[in-house]
There are 4 protein chains.
Amino acid sequence: MDDIQAFARQVFASQPFSQFIGAELTQSSEDSAELTLSIRDHHKQQHGFVHGGVISYLADNAITFAGGLALGGNALTSEFKINYVRPAVGLYLVARAQARSVGKRMAICQCEIYAVDDDSEKLCALAQGTVVLAV
Amino acid sequence: MDDIQAFARQVFASQPFSQFIGAELTQSSEDSAELTLSIRDHHKQQHGFVHGGVISYLADNAITFAGGLALGGNALTSEFKINYVRPAVGLYLVARAQARSVGKRMAICQCEIYAVDDDSEKLCALAQGTVVLAV
Amino acid sequence: MDDIQAFARQVFASQPFSQFIGAELTQSSEDSAELTLSIRDHHKQQHGFVHGGVISYLADNAITFAGGLALGGNALTSEFKINYVRPAVGLYLVARAQARSVGKRMAICQCEIYAVDDDSEKLCALAQGTVVLAV
Amino acid sequence: MDDIQAFARQVFASQPFSQFIGAELTQSSEDSAELTLSIRDHHKQQHGFVHGGVISYLADNAITFAGGLALGGNALTSEFKINYVRPAVGLYLVARAQARSVGKRMAICQCEIYAVDDDSEKLCALAQGTVVLAV
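Thresholds applied
Residues numbered from 1 in each chain as written. Chains lettered and ligands numbered in written order. Predicted model: local features only at pLDDT ≥ 70, side-chain atom pairs only at ≥ 80, totals over all residues. Heavy atoms only, no water. Helix = DSSP H or I, 4+ residues; strand = E, 2+ residues; numbered from the N terminus. Rg over C-alpha atoms; globule rule 2.2 N^0.38 Å. Buried < 20%, exposed > 50% of the residue type's maximum accessible area, 1.4 Å probe, protein only. Contact = heavy atoms within 4.5 Å. Areas by Shrake-Rupley, 256 points an atom, 1.4 Å probe, with all protein chains shown as cover. Lys, Arg positive; Asp, Glu negative; His and termini not counted. Charge placed at Lys NZ, Arg CZ, Asp CG, Glu CD. Buried area = accessible area lost by both parts, 1.4 Å probe. Salt bridge = Lys/Arg side-chain N within 4 Å of Asp/Glu carboxyl O. Nonpolar A, V, L, I, M, F, W, Y, C, P; charged D, E, K, R; others polar. UniProt positions renumbered as here; feature names shortened; annotations may be inferred. Polar contact = N/O pair within 3.5 Å; in protein donor to acceptor, adjacent residues only side chain to side chain. Least-squares fit on C-alpha atoms with pLDDT ≥ 70 in both.

- By the naming in an unreviewed UniProt entry, chain A is Thioesterase, taken from Limnohabitans planktonicus II-D5.

## So, the overall build of chain A
1) Next: Per the secondary structure count, chain A includes three helices and six strands.
2) Next: For a compact globule of 135 residues, the expected C-alpha radius of gyration is about 14 Å, and chain A comes in at 14 Å, within 12% of that figure.
3) Next: Within the span of chain A, comprising 135 residues, buried residues form 59% of the whole.
4) Next: For chain A, the proportion of contacts with a sequence separation of at least 24, taken over those separated by at least 6, is 63%.
5) Next: A total of about 5200 Å² of accessible surface is found on chain A, and carbon and sulfur atoms cover 47% of it.
6) Next: Taken together, the 10 basic and 14 acidic charged side chains of chain A have centroids lying 6 Å from each other.

## A short note on the interface of chain C and chain D
1) Next: Each partner contributes to the interface: chain C provides 33 residues, whereas chain D provides 33 residues.
2) Next: Regarding the contact of chain C and chain D, the summed buried area is about 2600 Å², with carbon and sulfur atoms giving 59% of it.
3) Next: Among the ionic pairs, D:Lys81 bridges to C:Glu79, the shortest N-O distance being 2.7 Å.
4) Next: Elements represented by at least two residues in the side of chain C that touches chain D include exactly helix 2 (16-21), helix 3 (52-71) and strand 3 (75-84) of chain C.
5) Next: Sort the elements by how many residues they give to the side of chain C that touches chain D and strand 3 of chain C lands first, with nine residues.
6) Next: For the side of chain C that touches chain D, the per-class residue count stands at 11 nonpolar, 17 polar and five charged.

## Quick word on the UniProt feature "domain: Thioesterase" (unreviewed entry) in chain A
1) Next: According to UniProt, the positions carrying the feature "domain: Thioesterase" (unreviewed entry) are residues 47-119 of chain A.
2) Next: Helix makes up 27% of residues 47-119 of chain A and strand 44%, with an end-to-end C-alpha separation of 23 Å.

## Describing the side chain of D:Thr77
1) Next: Within the secondary structure layout, D:Thr77 lies in strand 3 (residues 75-84).
2) Next: Within polar-contact distance, the side chain of D:Thr77 engages the backbone oxygen of D:Asp60 at 3.1 Å.
3) Next: Of note is the side chain of D:Thr77, whose polar atom sits 2.5 Å from the side chain of D:Thr64.
4) Next: What D:Thr77 contacts, discounting residues up to four positions off in sequence, is C:Tyr84, D:Asp60, D:Ile63, D:Thr64, D:Thr130 and D:Val131.

## With respect to the relation of the copies chain C and chain D
1) Next: With an RMSD of 0.0 Å, chain C superimposes on chain D once it is rotated by 180° and translated 0.0 Å along the axis. Taken together, these values place the two copies in the relation of a two-fold axis. Minimal C-alpha separation from the rotation axis in chain C is found for C:Lys81, amounting to 2.0 Å.
2) Next: Comparing interface residues between copies, 100% of those in chain C also sit at the interface in chain D, which points to an isologous, same-surface contact.

This is the structure in structure tokens:
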């Protein structure tokens, strides 16, 4: 169990885009993953909210890691869907993904993305997607 | 018509995340938009392919602009779905979104994302989503 | 609160397709709804499993009612996504939908569909969608 | 090619739910399928429009057949997403699905659903989903 989580951290650390955007893999379990991103001005869109593309990156990648941990190997998100439910403002974003159904080579995961401020945590987006083991 | 396209270019230029990630709004019409991104190493995941989060940003934003142009104002993507169909490798990515149904305040758009190399253009992802006029 | 639930039951009873397919509105709360369907041979596809279209009907409609209850009025599902996670076999299907985010005119709902047998209840599908108040 | 289309017609004819709901497989090619449904009162919801569940059945099944034809075998829809864009009224519904990306065991398909009247054909819904070969 520890091995697969160490493997997840190593895979995450070897993703140049995750480094570039500034995300961290802050929690993981045998079937879940949490990514955290400190909100910077360069993450924003024209109205000062976090760009949807940043939120969709977090959903995509948290889903990949939750699914990969549940499947026990190198995995990728083959598809997902996201609903944005509130403009994302605050100090940081937290994406929590959970495998809800796990087969031999495929897992279905759901992800909640929260905007966190000093004293609040508000749901910003809900996502659902498919993770498959990389061949 | 020219005014709304100039407005779209101005909105795009005022998106810090689009600048940060290096995307360009390369085409627009009264109901479509094309974004282009030169692929850099910092866009990649652990296997050297473009990270799904970059592709989902392109889909989200191309859909926003196609929908906003069709609706004639400031708009945002309220939800979308993406299927990744092939690992994205090449010189650049092109995302082409088209409004397929346009109401007073809501448009449904589809988007195709291609990976382009010296001599080929390959479909990497298909997306579909909802754009709503910002209040 | 009772009024809106009585209204939900009345709306459900006035849906000819829900009667035709044989579904029942078996539970409801201020932001959730449960539909139940006794599995009959005419619900099946070529392999003897319940047809995906039956499951997607349950997801669509359970989401509509959960969202409509949360929004407090006549509502419709404007879009949804479904992942089938296991062939549906058993005595009946139960679809449980919950509003996860509720605005003035729009709610985002998630739905789980279970296949129930004498002694087991197995997750068959997961769905997520948008409900809007009918004008 | 004819063989796979004859196989598709045979599979369709052996789906009890497709018979029950009254759908027909009216066209097929090597990578596309068209289903047609004559609208009856029992297909409707409380406002007299065709129920979303009927439309989602058509999307699900047209996608299955387009993908199965492209993959050359018995297939199933593993997930899909649908946007309803207009209330469905008219004489019949036509769902046209096309495989947009075809791998060895998986195809991504898009589907358009039209409501057809004596003198008009109006887009009612857009769908996109994944089809996988049955093992």
